[in-house]
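Working through the structure, step by step
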Amino acid sequence: MEEPKTLVHMLEATCRLYPSRIALIQDNRRMTYGDLYRAASSVAKAMARRGVVKGDRVMIALPNVPEFVIAYFAAVKLGAVAVTVNIAYTSHELLHLIQNSGAKAFITTPSVVKKFLDIRQETPHCTVLIVTEGT
């Protein structure tokens, strides 16, 4: 078997070989590689429908939860660039990072979304907002 070339290739290869093995555990929640791949594919399709394409920046402001891994793989599956940031950043820091990175999409939790909404008018190029259920 040929060696995987990217993280997405690695995930796809692992899903083919071990779809029912556990990929992620958080508290009592378990996600198999098959579940992870399906979730990442679903988020990637949702982003694509909203105009995210190869080369776009996708800012991910999520804590250490399965949704972070899903969002990351979804971005790279599209060929987008995942820009990961700390959820503790202030609105001002997020503004600087969004402007500097040229992020087109912002993925975050309900607890962080207010920070983004506070600066949304100053980031007109960041047109896609996805709010996860992860805490």
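Presented here is an overview of the structure given in this document. Small disclaimer: the values here were computed from a predicted structure and weren't measured.

1. A word on the pairing of strand S4 (residues 81-84)
Where strand S3 (residues 57-61) and S4 come together, 4 bridges link them in parallel fashion. The partner of Met 59 across the bridge, within S4, is Val 83. For the crossover from S3 across helix H3 (residues 66-78) to S4, the handedness is right-handed.

2. Here we look at H3
Because the α-helix completes a turn every 3.6 residues, residues three or four places apart line up on one side. Taking 1.5 Å per residue as the helical rise, H3 with its 13 residues ought to reach 18 Å, and the 19 Å between its terminal C-alpha atoms agrees with that figure. For H3, every residue scored as buried is listed here: Pro 66, Glu 67, Ile 70, Ala 71, Phe 73, Ala 74 and Ala 75. Gly 79 sits one or two residues past H3 and shows a positive phi near 90 degrees.

3. Points about the packing of helix H1 (residues 7-17) against helix H2 (residues 33-49)
It is the contact of H1 with H2, at a shortest axis distance of 9 Å, that shows an interaxial angle of 135 degrees. If you check the angle between H1 and H2, you find them oblique. The two elements H1 and H2 meet at a crossing, and its hand is left-handed. Of H2, the residues touching H1 (which contributes Leu 11, Glu 12, Thr 14 and Cys 15) are Tyr 33, Gly 34, Leu 36 and Tyr 37.

4. Brief notes about the sheet that holds S3
Within a sheet, neighbouring strands are paired by backbone hydrogen bonds and run either parallel or antiparallel to one another. Spatially, the 4 strands line up as an open sheet ordered S4-S3-S5-S6, and their pairing is parallel. Both outer strands of the open sheet, S4 and strand S6 (128-131), are each paired with one neighbouring strand and no more. Shown here is a sheet whose adjacent strand axes are inclined to one another by a mean of 20 degrees, direction ignored. In the sheet, strand S5 (residues 103-108) pairs with S6 via 4 bridges, with the strands oriented parallel. For Ile 107, the partnering residue across the bridge sits in S6 and is Ile 130.

Reading the values: the criteria
Residues numbered from 1 in each chain as written. Predicted model: local features only at pLDDT ≥ 70, side-chain atom pairs only at ≥ 80, totals over all residues. Heavy atoms only, no water. Pairing = 2+ DSSP bridges. Helix = DSSP H or I, 4+ residues; strand = E, 2+ residues; numbered from the N terminus. Right-handed = clockwise from strand over helix to strand, strands pointing away. Expected span 1.5 Å × (residues − 1). Buried < 20%, exposed > 50% of the residue type's maximum accessible area, 1.4 Å probe, protein only. Axes fitted to C-alpha atoms, helices over the stretch in contact; angles between N-to-C directions. Parallel < 35°, antiparallel > 145°, perpendicular 65-115°, else oblique. Left-handed = near helix turned anticlockwise from the far one by under 90°. Contact = heavy atoms within 4.5 Å.

Fair warning: the whole summary comes from geometry, so function is off the table for now.
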